[in-house]
Every structure is written in structure tokens, then in C-alpha cells.
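Below are the chains, spelled out letter by letter.
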Amino acid sequence: MSGVENASSNSETEFEQDCVMPVRSSNPIRARSLIRNNLEKSSSNPQQQQPQHLQSRMPNIKVFSGSSHPDLASRIVDRLGIDLGKVVTKKFSNLETCVEIGESVRGEDVYIVQSGSGEINDNLMELLIMINACKIASASRVTAVIPCFPYARQDKKDKSRAPISAKLVANMLSVAGADHIITMDLHASQIQGFFDIPVDNLYAEPAVLKWIRENIAEWRNSIIVSPDAGGAKRVTSIADRLNVEFALIHKERKKANEVASMVLVGDVKDRVAILVDDMADTCGTICHAAEKLREAGATKVYAILTHGIFSGPAVSRINNACFEAVVVTNTIPQDGHMKDCPKIQCIDVSMMFAEAVRRTHNGESVSYLFSNVPY
């Protein structure tokens, strides 16, 4: 009997050794260190190592694209090394927007890329529906990546009974369920205060400085010009970084999209004038400003704009104007405009948005991007 008991006890011991339960600890720091040690042991075994492309993937992150700018979203996910999330957007016969998220987002960190361009109202509604769809599907966090913020110019009550539509858009995004906003070069940085959620307002300035140094040979003999007084802060910052002088143009408007008069403040004679602004819509302002600069003696005139909306007669005005080049970023799709106007050139800022997404996902600081271009 004793031999049988010894054999059974030995078999029980062997079974217990094969089925050892993971070590638990009431101390969370101790528990984390045990998990880390187990991971290091498993990774030290070359037979158990995962392929390199699986190790480099970012876990628990999903990036979806709206219909406004799929090319920018594709560039962002290519930079991150992940696949674009599956989503189907369509319209019913009565033009209602329908969105179907094609994969699970439960517990995921979701980023939705949708720019305020094209059919702005439809794209804004599509973004709101996509945010809400992800939120009620149990996404842990939903971030709206809005390269060009819609209704940003309606940011103040400049006359009686005027709406503050930018504040309304901020309220709509918050109510839809957005937890975080990433955008670029807001028309007025105070728009960040319209939100009760974090807003990262990236700057195109580092990419603009890089383009100027690489593409304008005589940039040391240049002068940075703001086409209105509101852009003076932006222009002085670029002028300081390049160590050149700046000028500004004072304009008076009769009504929206129409400029009445312009007065140049500064000396541009025998210099390369670089007009810098956050956006250009019908391009009446920058074309008038270019004429004013050439009359004042500027040798060449460039225009650098963050958001090239180019609506109405904008492209034909640029073609007829005295610009060497009109440089815009790809916060708004520019392929069609570049075909119609050879003067339009594009700066790719997808790497800045991709790096902002990566840093936000990993809980790192985004302030590096305010003065540097990621490579």
C-alpha cells in the first residue's frame, strides 16, 4: 500500500508542476514586475520570438478615415505602420449620411481623420456620426483629427446678431463623444477655449521654415509679409526663426470676401517677399497683396498658406497673379488644384499628424512638434 501511495503522490506532484498557476501578488508594482520578468523570459527564447513586423505594430489603436481626405489618412497610417480601419460611408436616397464601422473598436484608442473641406456640412455630420458610432461601440477614447477646422472664421460676434459658429461646432463634437481634438493652425487659437476637452493645435510653421530654406535660394534677403494685421504674430515668429525682417498689410473690407483698400507697412524694395497666412479662400486678399508688393519694389513674391481652400475664382486669380509659387499644405486635398494651376505647390504634413497620433497614443508630449518636423 505504501508503494501505491508514493506513486500516486509522485504523479500528483508532477501534475502540479505541469499546471503551475501564475504568481499573484496583492502589490500592483510587484505584480507588474512579475509580468515583465515573464515577458522578458519568453522573449529571450528565440523560438518564441514574434516576427519583426508583428513586434513593431501599435496595439489597441484604430485609425479611421472620413470621406473628405482619404489620401491624408492613408499617409498617416503608412507612417504609423498600421492598417486603415474598415468603415463604410454612404448616403440614403434622401441624402441622409449612413456610417458603418466594419470592425470591433471595444476598448480601442480610436482616431478619426476628417478635414473641413469640400462639402463641409456633409463631412462635419459624417464626422459626428462616426464619433458617436465608435463611442457607443465601447471605444475607450475617440480622438477627432481635423486638419482644417470647419467654421473657424466664425469665431467671434463681430456684428449684431452674428453667430459664433466655431463654438457651436465645438459643442457638437463634444456632445457626439469626442475625447480629444487634433487640428492644425486654427484661424484663432482662442478656439481651443471653446472646448472642455483637450485640443492639440499643431503648427505648420516648422514645415514652412524647412520649405523656405530648401526652395528659396535667396531666403536670407527675404522679408516675411502678413496680408492682414491678424497674422502679425505668425509672421513675426517665422521672421525671427529666419532672422529676417517682416512687414504687414493693413486691409479694410466692404463685406466678406471683398477687400476695399490696402496699405503696406514696411520696406520690401529689392527683396524677396514671402506672404504667409493661415488660409486662402477666394484668394482676393493675397492676389491684391502680391500686386501691392510688386508695386513697392519686391523682386519676387511667394505665398505660403496652411489651408488652401481655393473656392470660386481662386485658381484663375492665382494663374493671373505675379506669384513665383503658391505653397500650401495637404490639410485639404490639393491634387485637382495643382493640375489646374502649375504655380500651386504642396507641403506634406502627414508626418506631423502621424507623430501627434503616436505620441498621444503612447502618452508622450506633443510640444516637440511645435518647433520641429519629425523625420
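Since this is a predicted model, take the numbers as computed values, not measurements.

1. Observations concerning the overall build of the chain
Helices and strands together make up the secondary structure of the chain, namely 12 helices and 14 strands. Sequence separation of at least 24 residues holds for 61% of the intrachain contacts in the chain that already meet a minimum separation of 6. Carbon and sulfur atoms make up 49% of the accessible area of the chain, which totals about 19900 Å².

2. Quick notes on the pairing of strand β6 (residues 180–184)
With 5 of 5 residues buried, β6 is to be regarded as a mostly interior element. Taking every second residue as pointing to the same face, both faces of β6 are buried, with His180, Ile182 and Met184 on one and Ile181 and Thr183 on the other. Regarding topology, helix α6 (residues 165–176) serves as the crossover connection from strand β5 (residues 141–146) to the parallel β6, and that connection is right-handed. With 4 bridges connecting them, β6 and strand β7 (residues 199–202) associate as parallel partners. Bridging from a neighbouring strand, threonine 183 pairs with asparagine 201 of β7.

3. What about the side chain of threonine 183?
Note that threonine 183 resides in strand β6. Engagement of the side chain of threonine 183 in a polar contact is seen with the backbone oxygen of isoleucine 146, the distance being 2.6 Å. Non-local contacts of threonine 183, meaning those with residues more than four positions away in its chain, are made with Ile146, Pro147, Phe149, Val199, Asp200, Asn201, Leu202 and Phe353.

4. Here's the deal with the packing of aromatic side chains
All told, the structure shown has 3 aromatic pairs when counted by the stated rule. Summarising the aromatic geometry, the rings of phenylalanine 149 and phenylalanine 195 are spaced 5.9 Å apart at their centres and angled 80° between planes, so their arrangement reads as edge-to-face. Of this pair, phenylalanine 149 sits in the loop between β5 and α6 while phenylalanine 195 sits in the loop between β6 and β7; the two residues are 46 residues apart in sequence, bridging distant segments of the chain. Among the residues examined, phenylalanine 149 registers a relative accessible area of 5% and is labelled buried. Given a relative accessible area of 7%, phenylalanine 195 falls into the buried group. Measuring from centroid to centroid gives 6.3 Å for tryptophan 211 and tyrosine 302, while their planes differ by 70°, and the two rings are edge-to-face. Separated by 91 residues along the polypeptide, tryptophan 211 in helix α7 (residues 205–215) and tyrosine 302 in strand β12 (residues 300–308) bring together distant segments of the chain. Positioned above the aromatic ring of tryptophan 219, the side-chain terminus of arginine 213 is 5.8 Å from the ring centre.

5. Focus: the packing of α7 against helix α8 (residues 232–242)
At a minimum axis distance of 11 Å, the contact between α7 and α8 shows a crossing angle of 50°. In terms of their interaxial angle, α7 and α8 are classed as oblique. Considering the relative orientation of α7 and α8, their crossing is right-handed. Counting all contacts with α7, which are made through Glu205, Val208, Leu209, Ile212 and Arg213, the residues of α8 involved are Ser237, Ile238, Arg241 and Leu242. Taken together, the residues of the contact of α7 with α8 break down into 5 nonpolar, 1 polar and 3 charged.

6. Side note on unusual backbone geometry
The phi torsion at leucine 95 lies on the positive side, around 70°, for a residue other than glycine. Following the sequence through the fold, leucine 95 ends up in the loop between β2 (87–91) and β3 (97–101). Notably, asparagine 243 is not glycine yet its phi reads approximately 60°, a positive angle. Counting through the fold element by element, asparagine 243 comes out in the loop between α8 and β9 (245–255).

7. Focus: helix α12 (residues 350–362)
In this model, α12 (13 residues) spans 18 Å end to end at C-alpha, consistent with the 18 Å of a helix rising 1.5 Å per residue. Burial within α12 is extensive, with 11 of its 13 residues counted as buried. When we look at burial in α12, the residues that qualify are Ser350, Met351, Met352, Phe353, Ala354, Glu355, Ala356, Val357, Arg359, Thr360 and His361.

8. Details of the side chain of aspartate 228
Turning to its location among the elements, aspartate 228 is positioned in the loop between β8 (222–226) and α8. Among the residues examined, aspartate 228 registers a relative accessible area of 18% and is labelled buried. The residues contacting aspartate 228, other than those within four sequence positions of it, are Ile249, Lys251 and Asp277.

9. Let's talk about the sheet that holds strand β1 (residues 61–65)
Pairing in this open sheet of 5 strands is parallel, and the strands run β1-β4-β5-β6-β7 from one edge to the other. In this open sheet, the two edge strands, each paired with only one partner strand, are β1 and β7. Neighbour-to-neighbour, the strand axes of the sheet open up by a mean angle of 15°, direction not taken into account. Note that strand β4 (residues 109–113) and β5 share 5 bridges and pair parallel. Directly across from tyrosine 111, in β5, lies its bridge partner threonine 143.

About the thresholds
- Residues numbered from 1 in each chain as written.
- Predicted model: local features only at pLDDT ≥ 70, side-chain atom pairs only at ≥ 80, totals over all residues.
- Heavy atoms only, no water.
- Helix = DSSP H or I, 4+ residues; strand = E, 2+ residues; numbered from the N terminus.
- Contact = heavy atoms within 4.5 Å.
- Areas by Shrake-Rupley, 256 points an atom, 1.4 Å probe, with all protein chains shown as cover.
- Buried < 20%, exposed > 50% of the residue type's maximum accessible area, 1.4 Å probe, protein only.
- Right-handed = clockwise from strand over helix to strand, strands pointing away.
- Pairing = 2+ DSSP bridges.
- Polar contact = N/O pair within 3.5 Å; in protein donor to acceptor, adjacent residues only side chain to side chain.
- Phe/Tyr/Trp six-rings, centres within 6.5 Å; stacked < 30°, edge-to-face > 60°.
- Lys NZ or Arg CZ within 6 Å of the ring centre and 35° of its normal.
- Axes fitted to C-alpha atoms, helices over the stretch in contact; angles between N-to-C directions.
- Parallel < 35°, antiparallel > 145°, perpendicular 65-115°, else oblique.
- Left-handed = near helix turned anticlockwise from the far one by under 90°.
- Nonpolar A, V, L, I, M, F, W, Y, C, P; charged D, E, K, R; others polar.
- Expected span 1.5 Å × (residues − 1).

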